[in-house]
Amino acid sequence: MSDSNPGTRRALLVHAHSEADSFVSAMRDRIALALGASGYEIEHSDLYAMDWNPVLSPADFGSRKDESHLTYALEQRHNYQVGTLSSDVAAEIAKVQEAELVVFTFPLFWFNVPAILKGWIDRVFVSGPFYGGKTIYGRAGMTGKKATAAFSLGGREYMFGPEGLHGPLVDGFLRSFFQGSLGYVGFEVIEPFVAYHTPYLPLIERTTCLDALGDRFATLDAQARMPMPDLSRFGDRFEKL
């Protein structure tokens, strides 16, 4: 991607499904097609295909600021500054930094993102370039970039929401992902595309769902944004003004 024309819009697709013939993989491919047609250059991080390691460990660091005790976030910051992060983490950070848009595709597991994707965030969203003590939300490192997701699940749409059996989904169970991870590091978060009940849908309905997904990503700039905390409403210690 670094060899591309400076004016090219770049999108990173972070994919978390093990099967190439899955519906989620078909979603990823349809998104890539729609974004490519809109002028984006596409980069991929296919986490299962990459055999991505989601587990934090001291091996992530080529040097240590404190040899006596591992404080992971502080060592992230130090190793980023001195250029000694593990090569797999450094490569993913570079992909995110070069992208204008980051899109996540995954199946919902236990009302959350798959563990491999959570581990990607844990290792890649490093302290320093992504966030800091007071550099969060609108002041964080990814300010000016956009992020969104497309994910599938077995449940039906009516099972979710304030009056649904399970309660809110995107702004409930997945708030830790959309606000606590993406919004926290500064991304402008576009409302996700949710594919409900997909394992049980007939082919024609899955095809219709993919068509709707393609239309959504063809008009991504017009889609609604998720609200994030406005830091101007909070003081120097993040107390409410």
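Residues numbered from 1 in each chain as written. Predicted model: local features only at pLDDT ≥ 70, side-chain atom pairs only at ≥ 80, totals over all residues. Heavy atoms only, no water.

Teacher, can you tell me more about the packing of aromatic side chains here?
Geometrically, a pair of aromatic rings is defined through the distance of the ring centres and the angle of the planes. Considering all chains together, one arrives at 14 aromatic pairs under this definition. With centroids separated by 5.8 Å and ring planes inclined at 75°, the aromatic side chains of Phe 104 and Trp 120 adopt a geometry described as edge-to-face. You can see Phe 104 sitting in strand 3 (residues 101–107) and its partner Trp 120 sitting in helix 4 (residues 115–124), a full 16 residues away along the chain. Each of the two residues, Phe 104 as well as Trp 120, counts as buried. Ring centres 6.1 Å apart and planes at 40° place the aromatic pair Phe 160 and Tyr 196 in the tilted group. Taken together, the positions of Phe 160 in the loop between strand 4 (146–152) and helix 5 (169–173) and Tyr 196 in the loop between strand 6 (193–195) and helix 7 (203–218) put the pair 36 residues apart, joining distant regions of the chain. Overall, Phe 160 belongs to the buried group, its relative accessible area being 11%. (Phe/Tyr/Trp six-rings, centres within 6.5 Å; stacked < 30°, edge-to-face > 60°. Helix = DSSP H or I, 4+ residues; strand = E, 2+ residues; numbered from the N terminus. Buried < 20%, exposed > 50% of the residue type's maximum accessible area, 1.4 Å probe, protein only.)

Any chance you could explain the pairing of strand 4 here in plain terms?
Consecutive side chains along a regular strand alternate between the two faces of the sheet. For strand 4, the tally of buried residues reaches 7 of 7 residues, placing the bulk of the element in the interior. Burial along strand 4 is two-sided: the residues Lys 146, Thr 148, Ala 150 and Ser 152 and Ala 147, Ala 149 and Phe 151 are all buried. Bridge count between strand 3 and strand 4: 7 bridges; the pairing is parallel. By the bridge assignment, Val 102 is partnered in strand 4 with Ala 147. For the crossover from strand 3 across helix 4 to strand 4, the handedness is right-handed. Pairing of strand 4 with strand 5 (residues 188–189), which is carried by 2 bridges, proceeds in the parallel orientation. Residue Ala 147 lies in a different strand from strand 5, and its bridge partner there is Val 189. Both strand 4 and strand 6 contribute to a ladder of 3 bridges, which runs parallel. Each residue of the ladder has a partner; that of Ala 150, found in strand 6, is Phe 193. (Pairing = 2+ DSSP bridges. Right-handed = clockwise from strand over helix to strand, strands pointing away.)

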